[in-house]
Amino acid sequence: GSLNMSKKIGDVILDLQNISLRFGGVKALIDISFDVREHEIRAIIGPNGAGKSSMLNVINGVYHPQEGRILFRGEERKRMHPHMAAAQGISRTFQNIALFRGMTVLDNIMVGRHHLLRSGFLRGMAYWIGGAQREELAHRAKVEEIIDFLEIQHIRKTPVGRLPYGLQKRVDLGRALAMEPQILLLDEPMAGMNVEEKQD
């Protein structure tokens with residue numbers, strides 16, 4: 001299925017060439033180049049303050065580098081914003097979890113499907129007639145598949161704010177997976193977890 005990680009390494013999907021990022025006089029990234037291939041797992045390793053999160057923010061359009069080029073599937077990407085990056089298929093988790101604490105696990109993961117919804121407002125008014133209902137059920141099925149994959153069935157109706165940190169991180173990953181991304185960016189995915197949670 002779509003969650004199978006055992007596929008062969010493919011073509012370059014993301015290519016970062018000579019990226020430099022400055023904030024005023026502070027140099028966050030200096031002449032960074034690397035690429036990521038389809039089905040490849042890449043790790044960015046470095047001490048606190050090295051610019052790891054800044055690099056992810058460049059990839060998903062939060063920051064705009066002063067120098068360098070970003071190619072996504074062979075095409076140079078001009079100025080990009082996070083919602084545009086998400087629409088292209090770039091999804092991320094956050095070092096400081098950005099979940100809707102009052103909403104259930106299920107609804108938080110469902111939010112990850114938002115950009116995939118085709119039913120507009122007017123169709124929503126006639127919600128139970130035809131396409132919108134079918135679409136909702138299809139999205140719900142995908143979310144349930146992710147909940148099974150992450151083994152969080154027992155908390156699916158629990159408000160996220162009541163969960164321990166390790167489970168919140170898992171829900172954050174679930175929401176990112178729900179976007180069906182071509183690139184999944186994980187920012188400090190195991191920070192603050194105990195050994196058992198990391199193994200899971």
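Along each chain, residues carry numbers from 1 onward, in the same order as the chain's sequence is written. This being a predicted model, a pLDDT of at least 70 is required before a residue's local features are given, and a value of 80 or more before pairs of side-chain atoms are given or counted; all residues contribute to the totals for chains, interfaces and linings. Just so you know, side-chain values use all the structure's heavy atoms and leave hydrogens and water out.

### Looking at the overall build of the protein
The condition that has to hold: Numbering of helices and strands starts at the N terminus; helices are DSSP runs of H or I of at least 4 residues and strands are runs of E of at least 2. Throughout, exposure labels follow a simple rule: accessible area from a 1.4 Å probe, protein chains only, divided by the maximum for the residue type, with under 20% read as buried, over 50% as exposed, and the rest as partly exposed. Contacts were defined at the residue level, with two residues in contact if any of their heavy atoms lie within 4.5 Å. For accessible areas, the Shrake-Rupley method is used with a probe of radius 1.4 Å. Any residue's cover is judged against the shown protein chains and nothing else.
Counting its secondary structure elements, the protein contains seven helices and six strands. Along the chain direction, N to C, the helices and strands of the protein fall in the order β-β-α-β-β-α-β-α-α-α-α-β-α. The 200 residues of the protein split such that 36% are buried. Residue pairs at least 24 apart in sequence account for 66% of intrachain contacts in the protein once pairs closer than 6 positions are excluded. Total accessible area on the protein is roughly 12000 Å²; 54% of this is exposed by carbon and sulfur atoms.

### Focus on the side chain of Thr104
Operational definition: Two N or O atoms form a polar contact when they lie within 3.5 Å of each other; inside protein one atom must be a possible hydrogen donor and the other a possible acceptor, and for residues adjacent in sequence the pair counts only when both atoms belong to side chains.
For Thr104, the location among the structural elements is in the loop between β5 (90-92) and α3 (105-111). Classification of Thr104 by relative accessible area gives buried; the value is 17%. In this structure the side chain of Thr104 is engaged in a polar contact, spanning 3.1 Å, whose partner is the backbone nitrogen of Asp107.

### Things to note about the pattern of salt bridges
The test is simple: Take a side-chain nitrogen of Lys or Arg and a carboxyl oxygen of Asp or Glu: if they are within 4 Å of each other, that pair is a salt bridge.
Evaluated as defined, the whole model comprises eleven salt bridges. For Glu76, the salt bridge goes to Arg69, with nearest N and O atoms at 3.0 Å. Using a relative accessible area of 34% as the deciding quantity, one classes Glu76 as partly exposed. Overlapping salt bridges bring together Asp35, Glu40 and Arg42 as one network.

### A word on helix α1 (residues 52-59)
An α-helix turns once every 3.6 residues. As a result, residues three or four positions apart point the same way. Burial of α1 is extensive: seven of the eight residues sit out of reach of the surface. When we look at burial in α1, the residues that qualify are Lys52, Ser54, Met55, Leu56, Asn57, Val58 and Ile59. Looking at the buried side of α1, the elements it contacts are β1 (12-23), β2 (26-37), β3 (67-72), β5 and β6 (183-185). Following α1 by one or two positions, Gly61 adopts a phi angle in the positive range, close to 85 degrees.

### Structural notes on the pairing of β3
Selection criterion: By the convention used here, strands pair only if DSSP detects at least 2 bridges between them.
Bridge count for β1 against β3 is five bridges, and the pairing is antiparallel. Its bridge partner being in β3, Leu16 is matched across the sheet by Ile70. Bridging between β3 and strand β4 (residues 75-76) involves two bridges; their strand directions are antiparallel. Paired with Phe72 across the bridge in β4 is Glu75. The antiparallel pairing of β3 with β4 creates a hairpin that spans two residues between the two strands, and Arg73 there sits at a positive phi of about 55 degrees.

### Details of the confidence of the model for the protein
Under the convention used in this document: Every residue is assigned a pLDDT by the predictor, reflecting its confidence on a scale from 0 to 100.
A residue-level look at the protein finds 86% of positions with pLDDT of 70 or above and a mean pLDDT of 84. Mean pLDDT across the secondary structure elements of the protein bottoms out at helix α4 (residues 121-125), with 46, and peaks at β1, with 95.

### Things to note about the environment of Phe23
Among the secondary structure elements, Phe23 is positioned in strand β1. The partly exposed category is assigned to Phe23, whose relative accessible area is 37%. Considered as a pair, Phe23 and Tyr63 are 40 residues apart in the sequence and their alpha carbons are 10.0 Å apart. Among all residues touching Phe23, those that are not within four sequence positions of it are Ala28, Ser54 and Tyr63.

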